[in-house]
Each structure stands twice: as C-alpha cells, then as structure tokens.
Amino acid sequence: MSKDEEEAWLAYILFSRQLAAGMERQLAGSGVSGADYQMLAPLAEAGAAGMRPRDLGYSAGWDRSRLAHQLGRMEKRGLVTREPAADDGRGTLVRLTEAGRAALRAASPGHVEWVRENFLSLMTPEDRRMLVALSERVMAKLEPESHAP
C-alpha cells in the first residue's frame, strides 16, 4: 500500500468510527440507540405495511442473528411488533408501534441537526455527490446485490 493509499484508508477508518461514536452519544440523550434508529427510520418510511425482517436487516447491513436480537429488545420495549404476514403463512412483518413512532419523533430533530452540523455542513453539494458516487462504487464491488430493492 502506498503512503497516500494508507493515509486515505486510515482517514476513512478514523472518520467512520468517530462519526458513529458521535452519533451514538447524540442519540443517547433521546433514549434511542443508533441501532434503534436504524430500525425505526426505515419502518417509519414503510408505514402501515411494515417490512419483512430480511428487508429491514438488509437496509441496516445486519445479519439475521443481530437483527433478531435487536428486534427482540425493541419488541420488549414496545417500539415494534412482529406479526405473521397475511400473504405468506411463513413470513413475518415488522411494524412500528405508537411508542416506536413517538420515540422516532422525539429522537429525529436532534439527530438530523447533529448530522447536518457534524457531517453535511462540512461538505459542498459537489462533495456530497462525490461521496454518494464513491459509496455506490464500493458497495457495488463488495456486494452487487446491495442495489436490489
């Protein structure tokens, strides 16, 4: 690895760790963890239809075991429900409860403000487009099906 390649890789590692740690600290004050938020946000977008666990896990990049444990914790706290899918006797749907919606509503304003202040505001529109393009290239290389619906 060349010096500039090593610098780029180490900068990315440090940047991603610090960003994740900062996000966790920010969310902690709302009573919602980063893992909770990663489940709550896509479930809110899915609406009343809910989501299949595999799609929810895919959106977070999690394996089935981690997803099952996280959903179990959230279910115990009353944030989500898991129900049989009406169109598939073997399938399950995950849905937000009112408590889950309330937790997301409470956490979102501070989270969005934190993301803007500590990430988005540091980039130009061109930087953001470049970051999206780079991310898509890396994801396509590592996991071609990552662009599947």
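Please read these numbers as outputs of a predicted model, since none were measured by experiment.

**Quick word on the overall build of the chain**
- Tallying secondary structure elements over the chain gives six helices and two strands in all.
- Going residue by residue from the N terminus, the α and β elements of the chain occur as α-α-α-α-β-β-α-α.
- Projected onto its principal axes, the C-alpha coordinates of the chain cover approximately 55 × 35 × 25 Å.
- When the 149 residues of the chain are sorted by exposure, 28% land in the buried category.
- For the chain, contacts bridging at least 24 residues in sequence account for 50% of all contacts bridging at least 6.
- Here the chain has roughly 10100 Å² of accessible surface; of this, 58% comes from carbon and sulfur atoms.
- Charged side chains in the chain number 20 positive and 21 negative. The centres of these two groups are separated by 5 Å.

**As for the side chain of Ser-108**
- Among the structural elements, Ser-108 can be located in helix α5 (residues 98-118).
- Among the polar contacts made by the side chain of Ser-108, one reaches the main-chain carbonyl oxygen of Leu-104 at a distance of 2.8 Å.

**Quick look at the packing of aromatic side chains**
- Counted according to the given criterion, the structure contains three aromatic pairs.
- Ring plane angle 25° and centroid distance 6.1 Å describe the contact between Phe-15 and Phe-119, whose orientation is recorded as stacked. Pair noted here: Phe-15 is in helix α1 (residues 3-28) and Phe-119 is in the loop between α5 and α6 (125-142), with a separation of 104 residues, a long-range link.
- Using a relative accessible area of 39% as the deciding quantity, one classes Phe-15 as partly exposed.
- Linked through ring pairs, Trp-9, Tyr-12, Phe-15 and Phe-119 together constitute an aromatic cluster.

**Remarks on the confidence of the model for the chain**
- Here the chain averages 92 in pLDDT, while 95% of its residues score no lower than 70.
- Model confidence for the chain, summarised as mean pLDDT per element, is weakest for strand β2 (residues 88-96) at 86 and strongest for α5 at 96.

**Quick notes on the nonpolar core**
- Core analysis: the biggest nonpolar cluster contains 21 residues, and Met-39, Leu-40, Leu-43, Leu-56, Leu-71 and Val-80 have the highest contact counts within it.
- It is helix α2 (residues 34-46) that provides the largest number of residues to this core, a total of five residues.
- Sequence-distant contacts of Met-39, that is, excluding residues within four places in its chain, are made with Leu-56, Ala-60, Trp-62, Leu-67, Gln-70, Leu-71 and Met-74.

**Quick look at the side chain of Asp-36**
- Residue position: Asp-36 is located in helix α2.
- Apart from residues no more than four positions distant in its own chain, Asp-36 is found in contact with Gly-31, Gln-70, Met-74 and Arg-77.

**A few points about the environment of Leu-56**
- In this structure, Leu-56 sits in helix α3 (residues 53-60).
- Apart from the residues within four sequence positions on either side, Leu-56 is in contact with Met-39, Pro-42, Leu-43, Met-51, Leu-67, Leu-71 and Val-94.

**Comments concerning the packing of α2 against α3**
- The N-to-C vectors of α2 and α3 enclose an angle of 120°; their axes lie 10 Å apart at closest approach. Looking at the two axes, α2 sits oblique to α3. The two elements α2 and α3 meet at a crossing, and its hand is right-handed. Contact residues: α2 offers Gln-38, Met-39, Pro-42 and Leu-43, while α3 offers Leu-56, Ser-59 and Ala-60.

About the criteria used
Residues numbered from 1 in each chain as written. Predicted model: local features only at pLDDT ≥ 70, side-chain atom pairs only at ≥ 80, totals over all residues. Heavy atoms only, no water. Helix = DSSP H or I, 4+ residues; strand = E, 2+ residues; numbered from the N terminus. Buried < 20%, exposed > 50% of the residue type's maximum accessible area, 1.4 Å probe, protein only. Contact = heavy atoms within 4.5 Å. Areas by Shrake-Rupley, 256 points an atom, 1.4 Å probe, with all protein chains shown as cover. Lys, Arg positive; Asp, Glu negative; His and termini not counted. Charge placed at Lys NZ, Arg CZ, Asp CG, Glu CD. Polar contact = N/O pair within 3.5 Å; in protein donor to acceptor, adjacent residues only side chain to side chain. Phe/Tyr/Trp six-rings, centres within 6.5 Å; stacked < 30°, edge-to-face > 60°. pLDDT = per-residue confidence, 0-100. Core = buried A, V, L, I, M, F, W, Y, C linked by side-chain atoms within 4.5 Å. Axes fitted to C-alpha atoms, helices over the stretch in contact; angles between N-to-C directions. Parallel < 35°, antiparallel > 145°, perpendicular 65-115°, else oblique. Left-handed = near helix turned anticlockwise from the far one by under 90°.

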